[in-house]
Amino acid sequence: MGKETLVIADLHLREQAPEVTRRLLALEQRLLEADAIYILGDLVEAWIGDDAPIPSDLMPAFRLLAKISAAGVPVYFQHGNRDFLIGKRFASPIGMRLLAEEATLDLYGHRVALVHGDQLCTDDLAYQRLRRKLRHPLIRFILRHLPLHTRQRLATNLRDRSKQETGQKAAGIMDVNDHAVAQWMDRLDTAVLIHGHTHRPAFHHETRGLRAVLGDWEDGATVLSIRPDGLRLEKTDDQGVTTTLAESGWP
Ligand code: LP5
């Protein structure tokens, strides 16, 4: 094992962007040598249920995750706002273990908290209202049991409405709220909070410690490497050139 844990999020795998799947496949060797892989949500563009057909273009990505877990590298998945309907029926056969929506763990002797990040955007009141509805267990149960074509139509409508509204919301509203970050770090009793969702890759030195924000995969593979001596956020382009976006020792 390489003494490296890899954290990724917001790949938004989709048929229309085969380059994202290729970027994941290009990381195969590194993923196979890692101690563990954590995927913090929005692995796919939209997931309407484990019974929906999986586009064949995405299969290589899921086969790779299966290969990694079969090789003994644990692959963990936390739900994002696009794929909160991923369940065990899809995850188990590929060896992907589902995490709670907030997870704390010990990495190389340090307590680390992982969340998708949408929960921290508390200024985005319209989204938080939608989130409360969609994540309600009863609503989720109902959604899962709607006919496939109805779910597809609902998801398309929701995406269209979201695109329209996010195009009009101020950028600040769609970022995390500082007070929420402080509260979450206190409550989770952690000096290291890792999240995605906002697509604003960076390290922030907060009062309580370090907040590492993952990036999306739109123009390269963004990976957080966690090692015994610290954390490094990297982006690898399609020529295989890796740039360090941020680096820090343990707080
Ligand atoms: O993902 P991103 O960054 O584009 O935008 C998010 C917020 N939008 C969403 C909606 C998703 O894009 C839609 C995902 C569809 C796939 C899953 C569908 C499965 C369920 C349906 C079928 C079974 O999460 C966006 C945030 C942004 O992040 C930044 O944080 O702003 O939020 C919005 O845009 C929400 C709007 O402001 C409010 C929309 C109200 C719609 C009301 C419809 C109610 C339907 C209830 C159904 C039970």
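Look a little higher up for the structure.
Residues numbered from 1 in each chain as written. Predicted model: local features only at pLDDT ≥ 70, side-chain atom pairs only at ≥ 80, totals over all residues. Heavy atoms only, no water.

**A look at the site of the ligand**
Part 1 of the reasoning: Contacts to the ligand come from 24 residues, most closely from Arg82, Asp124, Arg159, Glu165 and Lys169.
Part 2 of the reasoning: In the environment of the ligand, an oxygen atom lies 2.8 Å from a nitrogen or oxygen atom belonging to the side chain of Asn81.
Part 3 of the reasoning: One nitrogen or oxygen atom from the side chain of Arg159 is found 2.6 Å from an oxygen atom belonging to the ligand.
Part 4 of the reasoning: When the ligand is considered free in solution it has 1,100 Å² of accessible area, and contact with the protein chains removes 86% of it.
Part 5 of the reasoning: Sorting the residues of the shell around the ligand by element identifies α5 (125–135) and α7 (148–166) as the ones contributing at least two each.
Part 6 of the reasoning: Looking at the shell around the ligand element by element, the count peaks at nine residues for α7. (Near = heavy atom within 4 Å. Polar contact = N/O pair within 3.5 Å; in protein donor to acceptor, adjacent residues only side chain to side chain. Areas by Shrake-Rupley, 256 points an atom, 1.4 Å probe, with all protein chains shown as cover. Helix = DSSP H or I, 4+ residues; strand = E, 2+ residues; numbered from the N terminus.)

**Details of the pairing of strand β1 (residues 5–8)**
Strand residues, when the strand is regular, have side chains that alternate between the two faces of the sheet.
Part 1 of the reasoning: In β1, alternate side chains face the same way, and those of Thr5 and Val7 on one face and Leu6 and Ile8 on the other are all buried.
Part 2 of the reasoning: Pairing between β1 and strand β10 (residues 221–227): three bridges, direction antiparallel. Residue pairing for β10: Leu6 is matched across the bridge by Ser225. (Buried < 20%, exposed > 50% of the residue type's maximum accessible area, 1.4 Å probe, protein only. Pairing = 2+ DSSP bridges.)

**Notes on the packing of aromatic side chains**
The relative placement of two aromatic rings is captured by the distance of their centres and the angle of their planes.
Part 1 of the reasoning: In this structure the tally under the stated criterion is four aromatic pairs.
Part 2 of the reasoning: Relative to Tyr76, the ring of Tyr38 has its centre 4.7 Å away and its plane inclined at 10 degrees; by these criteria the two rings are stacked. One end of the pair, Tyr38, is in strand β2 (residues 36–39); the other, Tyr76, is in strand β3 (residues 75–77), and 38 residues separate them in sequence.
Part 3 of the reasoning: Residue Tyr38 is classed as buried on the basis of its relative accessible area of 8%.
Part 4 of the reasoning: Among the residues examined, Tyr76 registers a relative accessible area of 18% and is labelled buried.
Part 5 of the reasoning: Taken together, a centroid distance of 6.4 Å and an interplanar angle of 90 degrees make the contact between Trp47 and Phe62 edge-to-face. Of this pair, Trp47 sits in the loop between β2 and α3 (59–70) while Phe62 sits in helix α3, placing them 15 residues apart in sequence. The same class applies to Trp47 and to Phe62, which are both buried.
Part 6 of the reasoning: Pairwise contacts between aromatic rings join Trp47, Phe62 and Phe90 into one cluster.
Part 7 of the reasoning: The ring of Trp184 is capped by Arg187, whose NZ or CZ atom sits 4.7 Å from the centre of that ring. (Phe/Tyr/Trp six-rings, centres within 6.5 Å; stacked < 30°, edge-to-face > 60°. Lys NZ or Arg CZ within 6 Å of the ring centre and 35° of its normal.)

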